[in-house]
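# Working through the structure, step by step
Residue strings, one per chain:
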Amino acid sequence: MPCKTSVTGVLKVAEMSWPDQNEVSMLTAERLAKYTNRDGKWKDSYDPEPNAVSQMDLVEDGDENKERGNWSNKADYILSCIGYAVGLGNVWRFPYLAFENGGGAFLIPYIVMLVFAGLPIFLLETSLGQFASQGPIRVWRCLPLFQGIGYTQVIASALVGIYYNCIIAYTLFYLFSSFTSDLPWRTCDNTWNTGDCVDTNSLANWTGNLSDRVSPSEEYWDRYMLSRSAGIGEPVTVKWQLALCLLLAWIVVYFSLIKGIKSSGKVVYFTATFPYVVLLILLIRGVTLDGALEGIKFFIVPKWSQIANAKVWKDAAAQIFFSLSAAWGGLLTLASYNKFKNNTIHDALIVALTNCATSVFAGFVIFSILGHMALKLNVTVPEVAKSGFGLAFVAYPEALTLLPVSPLWAIIFFLMLFTLGLDSQFTIVETVATAICDGWPALLRKKKWLVMLCIAVCCYLLAMPCLTHAGIYHVQLIDSYAGTYPLIIVAIMECIGISYLYGLRRFCKDIAMMAGYQPNYYWQANWAFITPALLTFVLIFSFVFHEDVSYGDYEYPLWAVTLGNLILVFCAIWIPGVAIFWLIVTPGSFMERLRKVTSPTDTWGPHLPQHRDERYANMANPSQGIGAKYTPNDGTKL
C-alpha cells in the first residue's frame, strides 16, 4: 500500500506532525529517507527531481501531477472523450452505412466489431497514457522500437486538424446563412442557380428522371458555398467568406484550449451535451412528420442476406474503429491527464457504449426526416439518402426547407454540426500540442498558450488550399489518405508491440496498479489475437478492393493520386524510420541493440513516485524531453 502511505504522509506534512508507527513500517528505508530529514523529522516538501513540485502544492491545488496538470474532475474527462469520439461521422456516415449494409442487420457486425476491435484498442490506449502520464510520443518509452507509432499519430492528427477545421468552417457558413426569413437554398431564383435547377415547388411539373434533377441545395453547396472548380489542378483563388469562417473557427478552438485541459474541460460541458439536445428535438419533430415511419423502416428493417457479405463486416469494423477515434493518439493524450488511480476499464465501456448509442440514435433522427422528404418529393427513401458531405450539406438542408419555420431548424442543425466538430478538433489540437510540450517540457510547458497559438496560425495558413475553389478536392484527398491506412497499421502495431514485446502480463500488472485489478481474459485475448487479426482483415480487404480517390463523378489526375499516396507514406514511414534510428544509435552488437530497444527505458513508469511499486523503484526522472539520453532498463524487476 505505498500509495496510501504516501498520501497519508502528505497530509502529515500539512499538519507538521509525526506519522504513526504503522505508516512508517509500510515505507521502505529508501523511500522514507526521501520524506525525512537527517534528524528523522518530516520534510516540509519533497522534491525528488528538479522539475517536480512539493507535495504540499499537490494537496493545495487538487492536482496530483502539478507539472502536467490533471482533469479537474472525472466528468471533464468523460465528456471530453465522448466529445472526441462522437463526431460528424456519427451523424453523416453511420446512418447511411447501416441503410446500405442491411439496415438493422448491420447492427450485428457493428456490435461484434465494437466488442472485438473498438473496445480493446480504446482501453489499451487510455491505459498506456494514464499509466505514464505522457503524450503519444513519450509514452513509447515502454518500447523504443515502436516509438514511431507516436510520431505517426501526431502527424496524422496534424494533417487531419488542418482540413477538419475547414469542415467546421463549412458549418459556420451555413449557420450564418440560416439567419434569414427564407433559406437561400430553398428556391432556384438565385444568381448562382442554373437552368437545370428544379425546386420542390416545380417538381410536380418535372418530367425528367429524378436522378437528373439538380436541387437548389446542391447548387447552393456546389456553385455558391464552394464555387467548385472543374478540377484540383485549375488556378483558383481563396474564397474570402470561407477564410473568415475558418478564422472564427480557429479563434474558438484557440480560446477553448488556451489553458489546456482546464479550459477545454469546461467548454465540453456545452459542446459535448448540446448535440444530444438538438438530436432529441429533431427526433421529436421528425417522428411527427408524415412519411417518417417509412424512412425509419429503411434504417432498421434487417436484410439478413447482407450479413454474409464480407464488405459489410469490413465497413462495420472500419466504422467502429474510426468512430471511437482509436489510434489517433487523442485517447492516449486525454488519458494522460487522468489521476493515476482512475479506472480506465469503466471509462472504456462508458464512452464506447455512448458512442454507439449515439450513432443509432442519430440514424432515427436522420431517416425520420428523410422519410418525410421522400414523401414530399414522391420518391423512395433510397433516392434521397446520402452520406458524408451529401447528407450534411445537400440532402438534409433540403429536407429542412420542407419544415415549418425552416430557418429555425437550419440554425439548430448546423449549430449541432458545429459543436460536434469542435469537440473532435479540441482533442486533435491538444494531441499535437501535448506531444510538442512533452518533447521540451522545461521550455514549453509553461508556455502552452504560445504553442497553441503557433499551431492555430500554422494550420490556418496551411489550410488555404482547402479554401479555394478547388478546396473540396484537397479536403477529400487528405481525408482519404491521411486518416485511413496509417491508423489501422498503428492499431495493429500497438497490439503486437504491447502483447508480445512489452509483455501482456506486464501490461496487465500496470493496469492493476491503477484500477486495483487486472483485465480479464476477454481483454487479454483480444489484445494478443482477435483484435490484430480483425484489423489485419480490414487492412488487407481495403488494399485488395482499393479504389482511387474521387469526388462524385470527378476522377483525380495521376499526380493528385500520387500526392495522396505520398501523404500516406509520410504518415506511416515514421514507424520503420524511428525503429531503424534507434537500432543505429544504440550501442552494442545487433542482438544487444535489439534487446535494448525492445525493453522499457529507465524513464518508463508512473510519473509520480508515490505510485511506483517495487518494479519501478529505481526509475529515473520521467521529465526528460526529446534529445535526452534513453537508458534501457535491465528488466530484472519488470
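Residues take numbers from 1 onward in each chain, read along the sequence in its written order. Side-chain atom pairs in this predicted model are given and counted only at pLDDT of 80 or more, local residue features only at pLDDT of at least 70, and totals for whole chains, interfaces and linings cover all residues. Only hydrogens and water are set aside; all other atoms, that is, all heavy atoms of the structure, feed into the side-chain values.

### Here's the deal with the overall build of the chain
Where helices and strands are cited, they refer to DSSP runs of H or I of at least four residues and of E of at least two residues respectively, numbered from the N terminus. If you tally the helices and strands in the chain, you get 27 helices and two strands. Partly exposed describes any residue whose relative accessible area lies between the buried limit of under 20% and the exposed limit of over 50%, with all areas from a 1.4 Å probe on protein chains only and scaled to the type maximum. Split into buried and exposed, the 638 residues of the chain put 59% on the buried side. Sequence separation of at least 24 residues holds for 79% of the intrachain contacts in the chain that already meet a minimum separation of 6. In short, Shrake-Rupley with a 1.4 Å probe defines the accessible areas, and a residue's cover is counted only from the protein chains shown. Accessible surface, the chain: about 25,400 Å² in total, of which carbon and sulfur atoms supply 64%. Whether two residues are in contact is decided by their heavy atoms, any of which lying within 4.5 Å being enough.

### Description of helix H11 (residues 240-257)
The end-to-end C-alpha separation of H11 is 26 Å, in line with the 26 Å expected for 18 residues at 1.5 Å each. Inspection of H11 places Gln-241, Leu-242, Ala-243, Cys-245, Leu-246, Ala-249, Trp-250, Val-253, Tyr-254, Ser-256 and Leu-257 among the buried residues, and these make up the whole buried set. Packing partners of the buried residues in H11 comprise helix H9 (148-177), helix H10 (216-225), helix H12 (261-271), helix H19 (406-439) and helix H21 (448-462). Working rule for helices: expected span equals 1.5 Å times residues minus one.

### Here we look at the packing of helix H8 (residues 107-132) against helix H24 (residues 521-544)
Look at H8 against H24: their axes get within 9 Å of each other, and the N-to-C directions meet at 115 degrees. Considering their axes alone, H8 and H24 lie roughly perpendicular with respect to each other. In the crossing of H8 with H24, the sense of the turn from one axis to the other is left-handed. Between H8 and H24, the contacting residues are Met-113, Val-115, Phe-116, Ala-117, Leu-119, Pro-120, Ile-121, Leu-123 and Leu-124 on the first element and Tyr-522, Trp-523, Asn-526, Trp-527, Ile-530, Thr-531, Leu-534 and Leu-535 on the second. Helix axes use the C-alpha atoms of the stretch in contact, all axes being lines fitted to C-alpha atoms, and the angles between their N-to-C directions lie in the range 0 to 180 degrees. Any angle that is under 35 degrees is reported as roughly parallel, and any over 145 degrees as roughly antiparallel; angles of 65 to 115 degrees are reported as roughly perpendicular and all others as oblique. Here a crossing is taken to be left-handed if its near helix is turned anticlockwise relative to the far helix by less than a right angle, and right-handed if that turn runs clockwise.

### A look at a negative patch on the surface
Like charges are joined within 9 Å and nonpolar side chains (Val, Leu, Ile, Met, Phe, Trp, Tyr) within 5 Å, but only among residues with over 30% relative accessible area and no salt bridge; these make up the patches. One speaks of a salt bridge when a side-chain nitrogen belonging to Lys or Arg is within 4 Å of a carboxyl oxygen belonging to Asp or Glu. Under the convention used here, Asp and Glu are negative, Lys and Arg are positive, and both His and the chain ends fall outside the count. Charged side chains are reduced to one point each, which is NZ for Lys, CZ for Arg, CG for Asp and CD for Glu. On the surface, a cluster of negative charge is contributed by Glu-547, Asp-548, Asp-553 and Glu-555. By secondary structure assignment, the location of Asp-553 is in the loop between strand S1 (550-551) and strand S2 (554-555).

### Some points on the state of the cysteines
Two cysteine sulfur atoms form a disulfide, by the criterion used here, when they sit within 2.5 Å. Per the counting criterion, the structure on display carries one disulfide. The disulfide bridge from Cys-188 ends at Cys-197, spanning 2.0 Å between sulfur atoms. Here the S-S torsion is close to -70 degrees, and the disulfide linking Cys-188 with Cys-197 is therefore left-handed. Cys-197 gets classed as buried once you look at its relative accessible area, which sits at 10%. Here Cys-458 is not disulfide-linked; the sulfur of Cys-454 is the nearest cysteine sulfur, at 6.2 Å.

### Things to note about the side chain of Asp-347
The topology assignment puts Asp-347 in helix H17 (residues 344-377). Apart from the residues lying within four places of it in its own chain, the contact partners of Asp-347 are Lys-74, Tyr-77, Ile-78, Phe-122, Asn-338 and Asn-342.

### Focus on unusual backbone geometry
Excluding glycine, most residues fall at negative phi; most peptide bonds, likewise, are trans. Phi is positive for Ser-133, close to 55 degrees, though the residue is something other than glycine. Along the chain, the position of Ser-133 falls in the loop between H8 and H9. Its relative accessible area of 8% is what places Ser-133 among the buried residues. The backbone of Val-405 sits at a positive phi, close to 50 degrees, despite the residue not being glycine. Positionally, Val-405 belongs in the loop between helix H18 (389-401) and H19.

### Remarks on the nonpolar core
Side-chain atoms within 4.5 Å are what join buried Ala, Val, Leu, Ile, Met, Phe, Trp, Tyr and Cys residues into a set we call a nonpolar core. Ranked by internal contacts, the top residues of the largest apolar core, which has 202 residues, are Tyr-170, Trp-221, Phe-389 and Tyr-556. Considering each element in turn, this core owes the most residues, 18 residues, to H19.

### Structural notes on the environment of Gln-306
Mapped onto the fold, Gln-306 is located in the loop between helix H14 (292-300) and helix H15 (310-323). Placed 200 residues apart in sequence, Gln-306 and Phe-106 show a C-alpha to C-alpha distance of 8.0 Å. Residue contacts for Gln-306: discarding those within four places in its chain leaves Glu-100, Asn-101, Gly-102 and Val-312.

### Here we look at the environment of Asp-182
With respect to the secondary-structure elements, Asp-182 resides in the loop between H9 and H10. For Asp-182, a relative accessible area of 36% gives the class partly exposed. Spatially, the C-alpha atoms of Asp-182 and Val-405 are 9.0 Å apart, while their sequence positions differ by 223 residues. At a separation of 2.6 Å, a polar atom in the side chain of Asp-182 contacts the side chain of Arg-186. As used in this structure description, the phrase polar contact means that two N or O atoms lie within 3.5 Å; if the pair is within protein, one of them must be able to donate a hydrogen and the other to accept it, and residues adjacent in sequence are counted only when both atoms belong to side chains.

### Observations regarding the packing of H9 against H11
Packing of H9 against H11 leaves a shortest axis separation of 8 Å and a crossing angle of 110 degrees. The orientation of H9 with respect to H11, classified from their angle, is roughly perpendicular. Both H9 and H11 take part in a crossing whose hand is right-handed. Residue-level contacts link Gly-161, Asn-165, Cys-166, Ile-168, Ala-169, Tyr-170, Leu-172, Phe-173 and Phe-176 of H9 to Gln-241, Leu-242, Cys-245, Leu-246, Leu-248, Ala-249, Trp-250 and Val-253 of H11.

### Details of a nonpolar patch on the surface
Together, Phe-176, Phe-179, Trp-240, Leu-244, Leu-247, Leu-248, Ile-251 and Phe-255 give the surface a local cluster of nonpolar side chains, amounting to about 840 Å² of exposed area. Relative to the helices and strands, Leu-248 is located in helix H11. The exposure class assigned to Leu-248 is partly exposed, which follows from its relative accessible area of 33%.

### A short note on the side chain of Ser-127
Mapped onto the elements of the fold, Ser-127 is located in helix H8. What makes Ser-127 buried here is its relative accessible area of 1%. Only 2.8 Å separates the side chain of Ser-127 from the backbone oxygen of Leu-123, close enough to count as a polar contact. In this structure the side chain of Ser-127 is engaged in a polar contact, spanning 3.1 Å, whose partner is the side chain of Thr-344. Residue contacts for Ser-127: discarding those within four places in its chain leaves Thr-344, Phe-507, Ile-511 and Met-514.

### Topic: the pattern of salt bridges
Counting across every chain of the model gives 12 salt bridges. With a closest N to O distance of 3.1 Å, Lys-74 and Asp-347 form a salt bridge. Residue Lys-74 is found in helix H5 (residues 74-85), and its partner Asp-347 is found in helix H17; the two are separated by 273 residues along the sequence. A residue is classified by how much of its surface remains accessible, and Asp-347, at 1% relative accessible area, is buried. Here Asp-613 and Arg-615 are joined by a salt bridge, their closest N and O atoms 3.3 Å apart. Accessibility classification places Asp-613 together with Arg-615 in one group, the buried group.

### Details of the confidence of the model for the chain
Scored by pLDDT, the chain comes out at a mean of 84, with 87% of its residues at no less than 70. Segment residues 1-60 is flagged for pLDDT under 50; beyond a separation of four residues in sequence, or across chains, it makes 73 contacts in the model. The predictor attaches a confidence to each residue, and that confidence, scored 0 to 100, is pLDDT. Considering only residues more than four positions removed or in separate chains, one finds that residues 634-638, a stretch of pLDDT under 50, has eight contacts.

### Concerning the environment of Ile-121
On the secondary structure map, Ile-121 appears in helix H8. As for Ile-121 and Ala-348, which are separated by 227 residues in sequence, their C-alpha atoms are 9.4 Å apart. Ignoring sequence-local partners within four residues, the contact set of Ile-121 consists of Ala-326, Ala-327, Ala-491, Glu-494, Cys-495, Thr-531 and Leu-535.

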